[in-house]
Amino acid sequence: MHNNDGMANISSSRPSNALKAVLPVAGLGTRFLPATKALPKEMLPVVDKPAIQYVVEEAVAAGLRDILMVTGRNKAPLENHFDRVPIVENLLLQKGDFARLDAVNHASNLADIHYVRQGNPLGLGHAVLRAWQHVGQAPFAVLLGDDIIGEGEGLLPHMLEQQATRGASIIALMEVDPEHVPMYGIAAVEPTSENDVVRVTGLVEKPSKEAAPSNLAIIGRYVLQPEIFPILEHTAPGRGNEIQLTDALQVLAADEKIAGGVYGVVFRGKRFDTGDRLDYLKAVVQIASGREDLGPDFTKWLTSFVKTLG
Ligand code: UTP
């Protein structure tokens, strides 16, 4: 493991009591081929930032500055993106282009980022298990590197709060169209006294529409108890021959005595799976429309373009 050793990072690498964040980014991105043949899907630009930067910014906004990325082969551009780039910085400085210089430096100074290689992409559960050494015996957050949650939605802070008060593992759930349940991990739930918080009684990875216990799908944010690690260590490959995080969570959900059980925060805000081509396009359009600099011109064009579609 190593970190970005830039001078500006020194203050951010001081130990803090905040939870660590784990960002699995070692997947092969087959849904986005051939774009992802040589470029990690997490580096696909959403307007003018790679998808992964939105995810790191979300973690930092929630107070999580110690970030471990679980990477793999072909993922070097991710490390380069969060590192200093003196040749570009000097050029922008000479030109007096301070706005771009700030944007470039922002990515390098965002967080204290560490890297571990997954080796073989054997599944999300396997990627999370690779974080054990770095995380140790404390609760930790997992943010999928291709899942963007709308800025200011407050999902992660709410999950961290729930984890702290309940001493349980917390997952993020979203209602999906029943037709789409075979694409997700789906939760069986029962209500709690809080409106948007449910107790998770069971989980199933990508069930058929008929076998699904609900239409509440797991999305890419988790705050987990460290007890998940020894469970993952003994989790056999499941669906798709991958070691599934959902299968290990199912063990935690089945017995509240192990580590407080599993609760779900039901999220109703904006979320984009940028590893999916259609969702990626929606992310670009929505985020560009909301931008102060590009939004007015872009939406003007978009409105007239939509009219031409009839
Ligand atoms: P996905 O299933 O979306 O990633 O995993 P994938 O396998 O790259 O996707 P497709 O289906 O081939 O397009 C969710 C997250 O888990 C990471 C991915 O990088 C993504 O952020 N992941 C998945 C790993 O880090 N390692 C794995 O072995 C699998």
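Here the structure is a predicted model, which is why all the values come from computation and not from measurement.

A.B. asks: Break down the packing of helix α11 (residues 277-290) against helix α12 (residues 295-309) for me, citing the residues and quoting the values.
C.D. replies: For the pair α11 and α12, the least separation of the axes is 7 Å and the interaxial angle reads 125°. Viewed along their axes, α11 and α12 adopt a mutual orientation that is oblique. Counted together, V285, A288 and S289 of α11 and G295, F298, T299 and L302 of α12 form the full contact between these two elements.

A.B. asks: Describe helix α9 (residues 245-254), and please don't skip the residues or the numbers.
C.D. replies: Taken as a whole, α9 has its buried residues at L245, T246, A248, L249, L252 and A253. Seen along its axis, α9 keeps its buried residues to an arc of 160°; they face one direction.

A.B. asks: Describe the site of the ligand, naming the residues involved and giving the relevant values.
C.D. replies: Taken together, 19 residues lie around the ligand, and G27, G29, T30, Q118 and G123 are the ones closest in. In this structure, G123 approaches the ligand through a main-chain N or O atom, which is 2.8 Å from an oxygen atom. Taken together, the residues of the shell around the ligand break down into nine nonpolar, six polar and four charged.

A.B. asks: Describe the pattern of salt bridges, and please don't skip the residues or the numbers.
C.D. replies: For the structure on display, the rule yields 17 salt bridges. Where K41 meets D146, a salt bridge forms, and the shortest distance between an N and an O atom there is 2.7 Å. Placement of K41 in the loop between β1 (20-24) and β2 (45-46) and of D146 in the loop between β6 (140-143) and β7 (147-149) is noted, with a sequence separation of 105 residues between them. Residues K41 and D146 agree in their burial class; the two are buried. Across the salt bridge formed by K209 and E179, the nearest N and O atoms sit 2.9 Å from each other. Residue K209 is found in the loop between β10 (197-205) and β11 (216-224), and its partner E179 is found in the loop between β8 (169-175) and β9 (185-191); the two are separated by 30 residues along the sequence.

A.B. asks: If you had to explain the nonpolar core to someone new, which residues and values would you point to?
C.D. replies: Of all hydrophobic cores here, the largest spans 37 residues; its most connected members are L23, I52, V56, I67 and M69. In terms of residues, this core owes the most to one element, helix α1 (residues 51-61), which gives five residues. Other than its neighbours up to four places away in sequence, I52 contacts L23, V25, E42, M43, M69, L78, F82 and G145.

A.B. asks: How would you summarise the packing of helix α3 (residues 86-95) against helix α4 (residues 98-109) if you had to cite specific residues and measurements?
C.D. replies: As a packed pair, α3 and α4 sit with axes 8 Å apart at the nearest point and diverge in direction by 160°. Judged on the interaxial angle alone, α4 and α3 are roughly antiparallel. Relative to α4, the crossing made by α3 is left-handed. Between α3 and α4, the contacting residues are E89, L92 and L93 on the first element and F98, R100, L101, V104 and N105 on the second. Among the residues forming the contact of α3 with α4, the class breakdown is five nonpolar, one polar and two charged.

Parameters and conventions
Residues numbered from 1 in each chain as written. Predicted model: local features only at pLDDT ≥ 70, side-chain atom pairs only at ≥ 80, totals over all residues. Heavy atoms only, no water. Axes fitted to C-alpha atoms, helices over the stretch in contact; angles between N-to-C directions. Helix = DSSP H or I, 4+ residues; strand = E, 2+ residues; numbered from the N terminus. Parallel < 35°, antiparallel > 145°, perpendicular 65-115°, else oblique. Contact = heavy atoms within 4.5 Å. Buried < 20%, exposed > 50% of the residue type's maximum accessible area, 1.4 Å probe, protein only. Arc of directions from axis to C-beta. Near = heavy atom within 4 Å. Polar contact = N/O pair within 3.5 Å; in protein donor to acceptor, adjacent residues only side chain to side chain. Nonpolar A, V, L, I, M, F, W, Y, C, P; charged D, E, K, R; others polar. Salt bridge = Lys/Arg side-chain N within 4 Å of Asp/Glu carboxyl O. Core = buried A, V, L, I, M, F, W, Y, C linked by side-chain atoms within 4.5 Å. Left-handed = near helix turned anticlockwise from the far one by under 90°.

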